[in-house]
Amino acid sequence: MTDLKSLGLDDWLGRAAALQPRTEAFIDGRFVPAASGRTFTDIGPRDGQPIAEVAEGDATDVDRAVTAARAAFDDRRWSDQSPKDRKRVLLRLAELIRRDREQLALLESLDVGKPIRDTLAVDVPSAAKTIQWYAETIDKVYGEVGPTGPDALSFVTREPIGVVAAIVPWNYPMIITAWKIGAALATGNSVVLKPASQSPLSALRLAELAVEAGLPDGVFNVVPGPGAVVGPALARHPAVDKITFTGSTEVGKSLLRAVGESDVKAITLELGGKSPQVVLADVGDLEAAAQSIGLGIFYNSGQTCNAGSRLVVHRSVREELVERIAALGRKLAPSEPLDPATRLGAIVDERQLEKVLGYVALGEQEGATIVAGGERVREESGGFYVPPTILDGVSNSWRVAREEIFGPVLTVTEFSDEDEALRIANDTPFGLAAGIWTRDVKKAHRLARAVRAGTVWINTFDTADITVPFGGFKQSGFGRDKGMAALDGYTQLKTTWMDLSGD
């Protein structure tokens, strides 16, 4: 086994040059070209250069994949396997992900510009752990017996919902894919996965590993292609029973419309965020807070749905805290993602780069002061890089405080008392996550109850594991990924009632 600590930049560059990823759609257990024969160019954000030509799926390919998934579900080739057999397959899949962690990490880093140190140490291991965890739930979920009298017997069982269409984003492809397919496959469903056009490669390799692990043909399919084509085709397909989507609020709304205009299938949405970091005057360790708050927005170049993008801070500690966060940002200069020393990589593509820089310019126009960052860097590389950026003096009514930027941009808004802090924190259309920083346990509990968000961290941020649910309030969506709660979204309850009276 390779000693990963011995691999340097030249090693990863060499592996990238030799890489030959699979690029066709994966339907009914095999790789196939798009029905149209068309492909699209997968561009690497680290240098702006093509990585591969990938099959460009359309509605015909969606129909082929859904038909395969439907046949696999209807003949129960997966759901009727014993719990121990399904568990064995998913445990094997987790093992194979760990076995191929270097290749998967490289695919992820090339596709989305993440530092290789993060894809190796976080993303791929997390995906394997998720698949393993859901495998372990298969023989631990029970039905119920209803409270009937002596003349009847009722019992409630969970059944798989059917064909699940999973549409995943580009910011955490392996992690979020594992959240969705882990729970969906554990409960006996068939899956059609639509990866983002910016990040198709790890999904295609994952499908290949699933078959190697023993998953029957047709149970797991992957259709790459433009979201505006493949997404609506899945949402409107009559043989799809469930849509699970992670991405922008705008696309989530369009999927809701498509589902409502067609057959009203089940849908779960995990959408955008504009998470507040509420720092009270009694925060205590300012340096610890600065490190956690800074990483909570700068990690992954700010391309995280629950990123703590709004610093809502008491005026007495604002200046010192902002300077400490800025100092951290200066240490996180973006660099070559394939260098194991790099801590901050690239923005996913040129369109997103322009969006982020456009919001920085808008913040300046609205009256903010740029304390750090705010410009494109490493342009000579051909890649898309923005350093940690801080916009100070922001009113919560400004667009930069209300709209999701999805980049390494922190807005700073000060308050004078706890009531004002809570009002600012909740004055947002989103409700995915929040952070609260205080030494007073009573204040912490009071604010945590009052903040409208799906996850509230106290004196920490973005720390969790697969055991707890994740999802949002308000326009951040509904339904939950992760934990046992996710199983509810991929099953439906059946009541069986038996008459025991008479002969």
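Notes on the structure in this doc start here.

## What about the overall build of the chain?
Here comes step 1: Per the secondary structure count, the chain includes 16 helices and 22 strands.
Here comes step 2: Here the C-alpha radius of gyration of the chain, 24 Å, is about what a compact globule of 503 residues would show, namely 23 Å.
Here comes step 3: Along the first, second and third principal axes, the C-alpha atoms of the chain reach 80 × 60 × 45 Å.
Here comes step 4: When the 503 residues of the chain are sorted by exposure, 55% land in the buried category.
Here comes step 5: Contacts in the chain between residues at least 24 apart in sequence constitute 74% of all its contacts with a sequence separation of at least 6.
Here comes step 6: Accessible area of the chain: about 20,000 Å², with a carbon and sulfur share of 51%.
Here comes step 7: Side-chain charges in the chain split into 56 positive and 68 negative, and the spacing between the mean points of these groups amounts to 3 Å.

## A look at the sheet that holds strand β18 (residues 433–437)
Here comes step 1: Taking strand neighbours across the sheet as the criterion, the seven strands line up as β14-β15-β16-β13-β12-β18-β19 in an open arrangement whose pairing is mixed. Each of the sheet's edge strands pairs with one partner strand only, and the pair in question is β14 (369–372) and β19 (455–458). Sheet twist, expressed as the mean angle between neighbouring strand axes with direction ignored, is 25°.
Here comes step 2: With three bridges connecting them, β14 and strand β15 (residues 389–392) associate as antiparallel partners. Within β15, the residue paired with A372 across the bridge is I390.

## Focus: the pairing of strand β13 (residues 310–314)
Here comes step 1: The buried fraction of β13 is high, at five of five residues.
Here comes step 2: Direction of pairing for strand β12 (residues 276–279) relative to β13: parallel, over a ladder of four bridges. Across the sheet, the residue bridging to V279 is V313, located in β13.
Here comes step 3: Handedness of the crossover is the feature at issue here: the chain leaves β12, passes through helix α10 (residues 286–298), returns alongside β13, and the resulting connection is right-handed.
Here comes step 4: As judged from the five bridges shared by β13 and strand β16 (residues 409–415), these two strands associate in the parallel manner.

## What to know about the packing of helix α4 (residues 101–112) against helix α5 (residues 116–137)
Here comes step 1: The N-to-C vectors of α4 and α5 enclose an angle of 120°; their axes lie 9 Å apart at closest approach. The angle between the axes of α4 and α5 places the two elements in the oblique class. Seen from above, α4 lies across α5 with right-handed handedness. Here R101, E102, L104, A105, L106, E108 and S109 of α4 come into contact with α5, specifically with I116, T119, L120, D123 and V124.
Here comes step 2: Taken together, the residues that form the contact of α4 with α5 break down as six nonpolar, two polar and four charged.

## A few points about the pattern of salt bridges
Here comes step 1: Counted under the stated rule, the structure contains 40 salt bridges.
Here comes step 2: Here D61 and R64 are joined by a salt bridge, their closest N and O atoms 2.6 Å apart. On the criterion of helical spacing, the pair formed by D61 and R64 is a turn pair, its members being three residues apart in helix α2 (residues 59–74).
Here comes step 3: The class of D61 is buried, set by a relative accessible area of 1%.
Here comes step 4: In this structure, the salt-bridge partner of D100 is R99, at a minimum N-O distance of 2.8 Å.
Here comes step 5: D100 gets classed as buried once you look at its relative accessible area, which sits at 12%.
Here comes step 6: Overall, R99 belongs to the partly exposed group, its relative accessible area being 43%.
Here comes step 7: Each member of the salt-bridge network shares a partner with another, and the members are R22, E24, R99, D100, R205, E208 and E212.

## Looking at the nonpolar core
Grouped burial of nonpolar side chains is what soluble globular proteins tend to show.
Here comes step 1: Formed by 71 residues in total, the largest nonpolar core has its most connected members in L90, L93, I97 and F220.
Here comes step 2: At ten residues, helix α6 (residues 173–186) tops the list of elements feeding residues into this core.
Here comes step 3: Discounting residues that sit within four places of it in the chain, L90 has contacts with W78, I131, A135, I138, G182, L185 and A186.
Here comes step 4: With 27 residues, the next largest nonpolar core counts A68, I167, I243 and L271 among its residues.

## Focus on the side chain of D61
Here comes step 1: Here the side chain of D61 touches D58 through a polar contact of 3.0 Å, landing on its backbone nitrogen.
Here comes step 2: For D61, the contacting residues outside a window of four places in its chain are I27, P33, A34, A35, E56 and V223.

## Section: the packing of aromatic side chains
Here comes step 1: Counted by the stated rule, this structure contains five aromatic pairs.
Here comes step 2: Judged by centre distance (4.9 Å) and plane angle (75°), the rings of F26 and F31 are edge-to-face.
Here comes step 3: We classify F26 as buried; its relative accessible area is 2%.
Here comes step 4: The cationic tip of R15 hangs over the ring face of W12; the distance from NZ or CZ to the ring centre is 5.3 Å.
Here comes step 5: Directly above the aromatic system of Y490 lies the positively charged group of K242, at a separation of 4.6 Å from the ring centroid.

Criteria and thresholds
Residues numbered from 1 in each chain as written. Predicted model: local features only at pLDDT ≥ 70, side-chain atom pairs only at ≥ 80, totals over all residues. Heavy atoms only, no water. Helix = DSSP H or I, 4+ residues; strand = E, 2+ residues; numbered from the N terminus. Rg over C-alpha atoms; globule rule 2.2 N^0.38 Å. Buried < 20%, exposed > 50% of the residue type's maximum accessible area, 1.4 Å probe, protein only. Contact = heavy atoms within 4.5 Å. Areas by Shrake-Rupley, 256 points an atom, 1.4 Å probe, with all protein chains shown as cover. Lys, Arg positive; Asp, Glu negative; His and termini not counted. Charge placed at Lys NZ, Arg CZ, Asp CG, Glu CD. Pairing = 2+ DSSP bridges. Axes fitted to C-alpha atoms, helices over the stretch in contact; angles between N-to-C directions. Right-handed = clockwise from strand over helix to strand, strands pointing away. Parallel < 35°, antiparallel > 145°, perpendicular 65-115°, else oblique. Left-handed = near helix turned anticlockwise from the far one by under 90°. Nonpolar A, V, L, I, M, F, W, Y, C, P; charged D, E, K, R; others polar. Salt bridge = Lys/Arg side-chain N within 4 Å of Asp/Glu carboxyl O. Core = buried A, V, L, I, M, F, W, Y, C linked by side-chain atoms within 4.5 Å. Polar contact = N/O pair within 3.5 Å; in protein donor to acceptor, adjacent residues only side chain to side chain. Phe/Tyr/Trp six-rings, centres within 6.5 Å; stacked < 30°, edge-to-face > 60°. Lys NZ or Arg CZ within 6 Å of the ring centre and 35° of its normal.

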